[in-house]
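An overview of the molecular structure
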Amino acid sequence: MLPDSDSLSFVSEALLFSSQREKEALSLLKDLIQINSWTKNKSGTDKVIDSIYDFIPEGSFKKRIIKQQEVGNFLIIENEKSYNERYVLIMGHADTVYPESLSFEYEDRGDVVLGPGVIDMKGGLVVGIYALMFLKKTDLLDKIPVKFFINTDEEIGSPFSKSFIERFSQGAFCGFVLESGGPSNSVVTARRGKLGIKVKIEGEAAHAGFIKEGKKSAVIELAHKVLAFEDLNKSTDFTCNVGVVSGGIMANVVPDEAYLEVDLRFQREIQRKQVISLVKDIVNRSFVPGVTSSFSIISERPPMERSAQNV
């Protein structure tokens, strides 16, 4: 730990560096915001990764792109000291939830900037980049082993980058994720686990003009299940959100198929079994006679539970 006088000097130097490079940092942020980097848009996420790679001065850091086929490429920025010592692991993601149909515009209002992904989390990427540049400027990067890993599949649960995150984490003595914190600039030190599921509902097709009662409508079953899933929010231990619904082909046809995509969050790993049990109860229950349902897990992340190591 730095002595008090050194700490004050360090903070003053950091604030000066920040103010001097603010316009440049906002320019980089604007460039990144204006790139459509929806997770499924590989060319867009690749462009964000390439832009960051090109922005990092040659010789300042070791940098390499990890090629991917199904999602955008990943990027690792590191110093040589991290090769032989336990290091500070910094992580961020370049993908956003915003589809290609959205206009990716950037707006600077003076005291705040707006745009798709400005907080989650292109702003975080820019902060991480300039933090490394400041450490390089002060020669502290020669003393601190650092790896900065940027993935492009976080918004779908990091299925392709999970193995990299686990591998890089094994060599780290601490880690920082540059996503936004809580209200009042609080730092997030624990996070709920996530379970993403897709529910398939199967009914029986019929012409709407010839059936009034007893129809085996997958969409009616879907409506009941939406309400049942949302009722899980009455528990203080879980959160549940039905985010995607689909079903039917035409208004005059009783729909024989419908689908739900549901996001469930829980605080402790031990609660996962309870969440799965609640999901099964809803999926296996037929609100409409003759309609059946099944589900599959499409994404999953364990909780980061509060402990002595992260409080």
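The preceding data block contains the structure.
Residues numbered from 1 in each chain as written. Predicted model: local features only at pLDDT ≥ 70, side-chain atom pairs only at ≥ 80, totals over all residues. Heavy atoms only, no water.

1. So, the sheet that holds strand β12 (residues 257-266)
Working definition: the strands of a sheet are paired by backbone hydrogen bonds and lie parallel or antiparallel to each other. Across the sheet, which stays open at both edges, the four strands sit in the order β10-β12-β8-β13 with antiparallel pairing between neighbours. Whereas interior strands pair on both sides, the edge strands pair on one side only; in this sheet they are β10 (238-247) and β13 (292-301). Neighbour-to-neighbour, the strand axes of this sheet turn through a mean angle of 20°, independent of strand direction. Bridge analysis of strand β8 (residues 193-202) against β12 gives 10 bridges, and the strand direction is antiparallel. (Pairing = 2+ DSSP bridges. Helix = DSSP H or I, 4+ residues; strand = E, 2+ residues; numbered from the N terminus. Axes fitted to C-alpha atoms, helices over the stretch in contact; angles between N-to-C directions.)

2. Side note on the pattern of salt bridges
As enumerated under the stated definition, the model contains 16 salt bridges in all. K137 serves as the salt-bridge partner of E13, at 3.9 Å between the closest nitrogen and oxygen. Of this pair, E13 sits in helix α1 (residues 4-33) while K137 sits in helix α3 (residues 118-137); the two residues are 124 residues apart in sequence, bridging distant segments of the chain. K137 gets classed as partly exposed once you look at its relative accessible area, which sits at 49%. The residue K62 makes a salt bridge to E80 at a minimum N-O spacing of 3.3 Å. Separated by 18 residues along the polypeptide, K62 in strand β1 (residues 62-66) and E80 in the loop between β2 (74-78) and β3 (87-93) bring together distant segments of the chain. One salt-bridge network, in which partners are shared between bridges, spans R64, E78 and K147. (Salt bridge = Lys/Arg side-chain N within 4 Å of Asp/Glu carboxyl O. Buried < 20%, exposed > 50% of the residue type's maximum accessible area, 1.4 Å probe, protein only.)

3. Some details on a nonpolar patch on the surface
On the surface, a nonpolar cluster with roughly 240 Å² of combined accessible area is contributed by V97, Y98 and L102. Relative to the assigned elements, V97 resides in the loop between β3 and β4 (107-108). (Patch = residues over 30% accessible without salt bridge, like charges linked within 9 Å, V, L, I, M, F, W, Y side chains within 5 Å. Areas by Shrake-Rupley, 256 points an atom, 1.4 Å probe, with all protein chains shown as cover.)

4. With respect to the nonpolar core
A general feature of soluble globular proteins is that nonpolar side chains tend to end up buried together. Counting residues in each nonpolar core, the largest one holds 34 residues, and the members touching the most others are I52, I77, I129, Y130, L132, F148 and I150. Broken down by element, this core gets its largest block of residues, 10 residues, from α3. Contact partners of I77, with chain neighbours within four places excluded, come to I52, I56, F61, K62, K63, L132, V146, K147 and F148. One finds I201, F229, A258 and V288 within the second-largest nonpolar core, a separate group that totals 24 residues. (Core = buried A, V, L, I, M, F, W, Y, C linked by side-chain atoms within 4.5 Å. Contact = heavy atoms within 4.5 Å.)

5. Focus on helix α6 (residues 272-284)
Helix length check: α6, at 13 residues, gives a terminal C-alpha distance of 18 Å against a target of 18 Å (1.5 Å per residue), a fit within 8%. Buried residues belonging to α6 abut β8, α5 (218-230), β10, β12 and β13. (Expected span 1.5 Å × (residues − 1).)

6. A short note on the packing of helix α2 (residues 42-55) against α3
Look at α2 against α3: their axes get within 12 Å of each other, and the N-to-C directions meet at 15°. Taken together, α2 and α3 sit at an angle that is classed as roughly parallel. The two elements α2 and α3 meet at a crossing, and its hand is right-handed. The segment α2 lies against α3, with V48, I52 and F55 engaging K122, L125, I129, Y130 and M133. For the contact of α2 with α3, the residue count by class is seven nonpolar, no polar and one charged. (Parallel < 35°, antiparallel > 145°, perpendicular 65-115°, else oblique. Left-handed = near helix turned anticlockwise from the far one by under 90°. Nonpolar A, V, L, I, M, F, W, Y, C, P; charged D, E, K, R; others polar.)

7. Some details on α3
Within α3, 14 of the 20 residues are buried, leaving the element largely enclosed by the surrounding structure. In the segment just after α3, D139 is the residue with positive phi, at about 70°.

8. Here's the deal with the sheet that holds β1
Overall, mixed pairing links the five strands, which are arranged β1-β2-β6-β3-β7 in an open sheet. Each edge of the open sheet is held by one strand with a lone partner, namely β1 and β7 (172-177). With direction set aside, neighbouring strand axes in the sheet form an average angle of 20°. In terms of strand pairing, β3 meets β7 through five bridges, oriented parallel. Residue pairing across strands places I90 opposite F176, the latter belonging to β7.

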